[in-house]
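Overview (structure and organization)
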Amino acid sequence: KMRRRIMKIIFCRHAEPDYEHDSITDKGKIEAELLARRLCRIDIDEIYVSPLGRARRTAEYTLEKTGKTAETFKWLREFDGKVKENGEIKGCWDKLPEYWTAQDEYYSADKWLTTPLMKSGTAKREYEFVCNGIDKFLAEHGYKRNGRYYDVTNSNHKTIVFFCHFGVECAILSRIFGVSPMPLWHNFVALPSSVTTIVSEERVKGKAQFRCMEFGDTSHLYAAGEEPSFAARFCECFEDNTRHD
C-alpha cells in the first residue's frame, strides 16, 4: 500500500443503479465488487456515504473488504435542486445544450443561480446546502475556505472516500474549484462505479488548492473485462436506439 504526503479525496459514483428500488442492478453488484477490489489496495483513512440506497449498497462491498465503517452525510445525496419549467417542477441540472449554452450566466460561478429559471425553485437552497457541507468538512480537516482557495490550519495527509452521485459530485467540485457546476454537469460524465480523485497542493505555506488527478475513471472495470454501464449517458447520434432523455 502506498501513501503520499497529500490530502486526497476520492469520489466514487454508485454502481449501475436500480432507480425504482433505490439500489443497484446485478451488473451494479459486479461493478461494486470490482470497485471494492480497487479501493482495498489504498490506505483509506475515512469513508463517507450518501443516505440513498444505491450509494450505500455500493459502499457495502468496500466496507466489507476493508473492515471499515462509513459515516452518512445528508449533503452527499443526489443533488435535488428543482425549478419550474413550462408549468412543471423539474430537476435543475439536466438542460438541453441549446438552452443553457446560450446564456453566459451559466458559465459563471457567481451568476448561474441568478437566471430566472434557477430562481424559480430550490436550486440555490440545495446548492448552498452542498457548499456548506463540503466547506464544513474541509475546515474540520484543516482546510478553511478563503475566497477561492483554502487556508491550511492543520495539514493532513488523509485519504478520504465519498460514495455518492454524479450530480452532487459535480456540485461539490464546482465549489472546491470555484466554477459553475453547469459545464461539469453537461460536459463531463462519471459513469457508474467510476472514480474521481482530487488532491491538495500547498505550494505556499498555509495556502492550498485542490487539483483533479482523474475524473470518472473506470479502469477497474476494463481491467476485469467488464463493460462500463451506459447509465448517465445519452445517445451519441440521434438515430441511435439509446437514451434521448
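Residues numbered from 1 in each chain as written. Predicted model: local features only at pLDDT ≥ 70, side-chain atom pairs only at ≥ 80, totals over all residues. Heavy atoms only, no water.

**Examining the overall build of the protein**
To be explicit about the condition: Secondary structure elements follow DSSP: runs of H or I no shorter than four residues count as helices, runs of E no shorter than two count as strands, and numbering proceeds from the N terminus. Note that the radius of gyration is over C-alpha atoms, with the globule rule given as 2.2 Å times the number of residues to the power 0.38. Relative accessible area decides the class of each residue, using a 1.4 Å probe on protein chains only: under 20% of the type maximum gives buried, over 50% gives exposed, and in between gives partly exposed. Between two residues, a contact is recorded if the distance between any of their heavy atoms is within 4.5 Å.
Looking only at helices and strands, the protein has eight helices and twelve strands in total. Scaling as 2.2 N^0.38, a compact globule of 245 residues should have a C-alpha radius of gyration of about 18 Å, and the protein matches this with 18 Å. For the C-alpha atoms alone, the extent of the protein along its principal axes is close to 50 × 45 × 30 Å. Sorting the 245 residues of the protein into buried and exposed places 46% on the buried side. Within the protein, contacts between residues at least 6 apart in sequence are counted, and of these 67% link residues at least 24 apart.

**Focus on the pattern of salt bridges**
The line we're drawing: A side-chain nitrogen of Lys or Arg and a carboxyl oxygen of Asp or Glu constitute a salt bridge if their distance falls within 4 Å.
Tallying each qualifying case throughout the model produces 18 salt bridges. Put simply, Glu60 and Arg57 hold a salt bridge, and the shortest N to O gap is 2.7 Å. With Glu60 and Arg57 both in helix H2 (residues 53-66), this residue pair falls three residues apart, about one helical turn. For Glu60, a relative accessible area of 40% corresponds to the partly exposed category. Judged by relative accessible area, which is 25%, Arg57 ranks as partly exposed. Of the charged contacts, one joins Lys95 and Glu85 as a salt bridge, the two residues approaching to 2.7 Å between their closest N and O atoms.

**Re the pairing of strand S6 (residues 82-85)**
Applied cut-off: Strands are labelled as partners when DSSP assigns at least two bridges between them.
In terms of strand pairing, S6 meets strand S7 (residues 88-91) through four bridges, oriented antiparallel. Looking at the pairing, Lys82 lines up with Gly91 of S7. In sequence, S6 turns back onto S7 through a hairpin of two residues, with Asn86 there showing a positive phi of about 55°.

**Section: the packing of aromatic side chains**
Convention followed: Pairing of aromatic rings covers Phe, Tyr and the six-membered ring of Trp, with a centre-to-centre limit of 6.5 Å; geometry is then stacked below 30 degrees between planes, edge-to-face above 60, and tilted otherwise.
According to the stated counting rule, one finds 19 aromatic pairs in the structure shown. Taken together, the ring pairs connect Phe11, Tyr48, Phe73, Trp75, Phe137 and Phe162 into an aromatic cluster.

**Focus: the environment of Glu202**
Applicable threshold: Counting of polar contacts relies on pairs of N or O atoms within 3.5 Å, with two restrictions inside protein: one atom must be capable of donating a hydrogen and the other of accepting it, and residues adjacent in sequence are counted only when both atoms are side-chain atoms.
Topologically, Glu202 is positioned in strand S11 (residues 195-204). Residue Glu202 is classed as partly exposed on the basis of its relative accessible area of 34%. Excluding its chain neighbours within four sequence positions, the residues that come into contact with Glu202 are Val152, Ser155, Lys207 and Ala208. Separated by 3.1 Å, the side chains of Glu202 and Ser155 make a polar contact.

**Here's the deal with the packing of helix H5 (residues 123-140) against helix H6 (residues 166-177)**
Keep this limit in mind: Working convention: axes come from line fits to C-alpha atoms, limited for helices to the stretch in contact. Angles between N-to-C directions cover 0 to 180 degrees. In this scheme the handedness of a crossing depends on how the near helix is turned from the far one: anticlockwise by less than a right angle means left-handed, clockwise means right-handed.
Relative to each other, H5 and H6 sit at 65°, their axes nearing to 9 Å. Crossing hand, H5 versus H6: right-handed. Each of Tyr127, Val130, Cys131, Ile134, Asp135 and Leu138 in H5 lies in contact with H6, whose residues at this interface are Val168, Ala171, Ile172, Ser174, Arg175 and Ile176.

**Brief notes about H6**
Using the following cut-off: A helix is expected to span 1.5 Å multiplied by its residue count minus one.
Between its terminal C-alpha atoms H6 stretches 16 Å, which fits the 16 Å expected from twelve residues at 1.5 Å a residue. In terms of burial, H6 is largely enclosed, as ten of its twelve residues are buried. Looking only at H6, the buried set comprises Phe166, Gly167, Val168, Glu169, Cys170, Ala171, Ile172, Leu173, Ser174 and Ile176. At the C-terminal side of H6, Gly178 shows a positive phi close to 70°.

**Things to note about the layout of surface pockets**
Which entries qualify depends on this criterion: Computed over the protein atoms alone on a 1 Å grid, cavities are sets of points where a 1.4 Å probe fits but cannot get out and pockets are open sets with protein on both sides within 12 Å along at least five of seven lines; a residue lines them when it has an atom within 4 Å of a point. Grid points are joined across faces, edges and corners, and a volume is the space filled by probe spheres set on the points. Residues were grouped as follows: Ala, Val, Leu, Ile, Met, Phe, Trp, Tyr, Cys and Pro as nonpolar; Asp, Glu, Lys and Arg as charged; and all remaining residues, including Gly, as polar.
In this model, the largest pocket occupies a volume close to 1000 Å³. Trp93, Asp94, Lys95, Phe234 and Arg243 are the residues nearest the centre of the largest pocket, which is lined by 34 residues in total. Those elements that provide at least two residues to the lining of the largest pocket are S6, S7, helix H3 (97-100) and helix H7 (181-187). Its residues placed into classes, the lining of the largest pocket shows 15 nonpolar, six polar and 13 charged.

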